[in-house]
Amino acid sequence: MSQPPTPQDPSGQPPSAPSPMERQGALTRDLATVLLSSLDLTEQWRHVGAAFLPHGEEWAGRLVVTDRDGTSRGGDSVFAVDSQITLLLDALQHCAAEQRQAFVSLRLDATRPPEDPDRIALGADLVYDRDPGDFDGLGGIDADYARALVGRVGADRVPDWVRELAAGE
């Protein structure tokens, strides 16, 4: 019995692995998919904003859902070490470090345009250069986290202020 032909690059080379930037885009989409599918969204939602900060080995998130009529609801949450959200954020942080530097916080925005509510526009803002603070005492960057991040991605792949915090400066 013969095997079906497998797709190959016309040059005869096997397909190359995705670049870190392509992996970062895929991980961002996966994070948005997991986040949106985990929320109890009604048909009326217009915007979901999510900010994520390290919280020890976990991640803390502040989530706000805004409906078409302008009403908002949300709150803060801690995502366990083995949760899909934490695993995706860790992978995304590592992927960013492969390109240049690990981010220290992330903001994700998903918006449904009023003229096409079946479409979702996704935006992501990775914060590198400043301390993102905390969510009223939840999450944040301290010396322990800075040392752990340096241990995971390397001192040359973290922002200067994180490296200084890890060194106790």
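Just above, that's the structure.
Here the structure is a predicted model, which means the values were calculated and not measured. (Residues numbered from 1 in each chain as written. Predicted model: local features only at pLDDT ≥ 70, side-chain atom pairs only at ≥ 80, totals over all residues. Heavy atoms only, no water.)

**Student:** Explanation requested: the overall build of the chain in the structure shown.
**Tutor:** Looking only at helices and strands, the chain has 4 helices and 5 strands in total. The order of helices and strands in the chain, counted from the N terminus, is α-β-β-β-α-β-β-α-α. Projected onto its principal axes, the C-alpha coordinates of the chain cover approximately 65 × 50 × 25 Å. Counting across all 169 residues of the chain, residues that qualify as buried make up 37%. Across the chain, contacts joining residues at least 24 apart in sequence account for 56% of those joining residues at least 6 apart. As displayed, the chain offers around 10000 Å² of accessible surface, 51% of which is attributable to carbon and sulfur atoms. Averaged over its 15 positive side-chain charges, the chain has a centre that lies 4 Å from the centre of its 28 negative ones. (Helix = DSSP H or I, 4+ residues; strand = E, 2+ residues; numbered from the N terminus. Buried < 20%, exposed > 50% of the residue type's maximum accessible area, 1.4 Å probe, protein only. Contact = heavy atoms within 4.5 Å. Areas by Shrake-Rupley, 256 points an atom, 1.4 Å probe, with all protein chains shown as cover. Lys, Arg positive; Asp, Glu negative; His and termini not counted. Charge placed at Lys NZ, Arg CZ, Asp CG, Glu CD.)

**Student:** Teacher, can you tell me more about helix α3 (residues 143-153) here?
**Tutor:** Each α-helix winds once per 3.6 residues, and so residues spaced three or four apart point in a common direction. Within the sequence span of α3, burial applies to Tyr145, Ala146, Leu149 and Val153. Seen along its axis, α3 keeps its buried residues to an arc of 100°; they face one direction. Projecting away from the buried face of α3 at angles above 90 degrees are the exposed residues Asp144 and Gly151. Buried residues in α3 make contact with β1 (45-55), β2 (58-67), α2 (84-99) and α4 (160-166). The distance from a side-chain oxygen at the start of α3 to the backbone nitrogen of Asp144 is 3.3 Å, and the residue carrying that oxygen is Asp142. (Arc of directions from axis to C-beta. Polar contact = N/O pair within 3.5 Å; in protein donor to acceptor, adjacent residues only side chain to side chain.)

**Student:** Sorry if this is basic, but what is going on with α2 here?
**Tutor:** Over its 16 residues, α2 extends 23 Å from the first C-alpha to the last, a length consistent with the 22 Å expected when each residue adds 1.5 Å. The set of residues buried in α2 consists of Ile85, Thr86, Leu88, Leu89, Leu92, Gln93, Cys95, Ala96 and Ala97. (Expected span 1.5 Å × (residues − 1).)

**Student:** Could you clarify how one ought to interpret the layout of surface pockets in this entry?
**Tutor:** One simple way to see leftover space: roll a probe sized like a water molecule over the atoms. The space that makes up the largest pocket amounts to roughly 170 Å³. When residues in the lining of the largest pocket are grouped by element, the largest group, 4 residues, is from α3. Within the lining of the largest pocket, the residues separate by chemical class into 3 nonpolar, 2 polar and 6 charged. (1 Å grid on protein atoms, 1.4 Å probe; cavity = no way out; pocket = protein on both sides within 12 Å on 5 of 7 lines; lining within 4 Å. Points joined across faces, edges and corners; volume = space filled by probe spheres on them. Nonpolar A, V, L, I, M, F, W, Y, C, P; charged D, E, K, R; others polar.)

**Student:** What is the right way to look at a negative patch on the surface in this model?
**Tutor:** Negative charge collects at one region of the surface, where Glu43, Glu115, Asp116 and Asp118 lie side by side. When you line up the elements, Glu43 lands in the loop between α1 (20-38) and β1. (Patch = residues over 30% accessible without salt bridge, like charges linked within 9 Å, V, L, I, M, F, W, Y side chains within 5 Å. Salt bridge = Lys/Arg side-chain N within 4 Å of Asp/Glu carboxyl O.)

**Student:** Whenever I open this one, the sheet that holds β2 confuses me. Can you help?
**Tutor:** Hydrogen bonding along the main chain pairs the strands of a sheet, whether they run parallel or antiparallel. Read from one edge to the other, the open sheet built from 5 strands follows the order β3-β2-β1-β4-β5, with strand pairing classed as antiparallel. The open sheet terminates on both sides in strands that have one partner only, identified here as β3 (72-79) and β5 (121-127). Ignoring strand direction, the axes of neighbouring strands in this sheet form an average angle of 15°. Relative to strand β4 (residues 105-111), β1 is paired through 6 bridges, and the arrangement is antiparallel. Residue Ala50 lies in a different strand from β4, and its bridge partner there is Leu108. On the sheet, α2 packs against β1, β2, β3 and β4 and is oriented at approximately 105° with respect to β2. (Pairing = 2+ DSSP bridges. Axes fitted to C-alpha atoms, helices over the stretch in contact; angles between N-to-C directions.)

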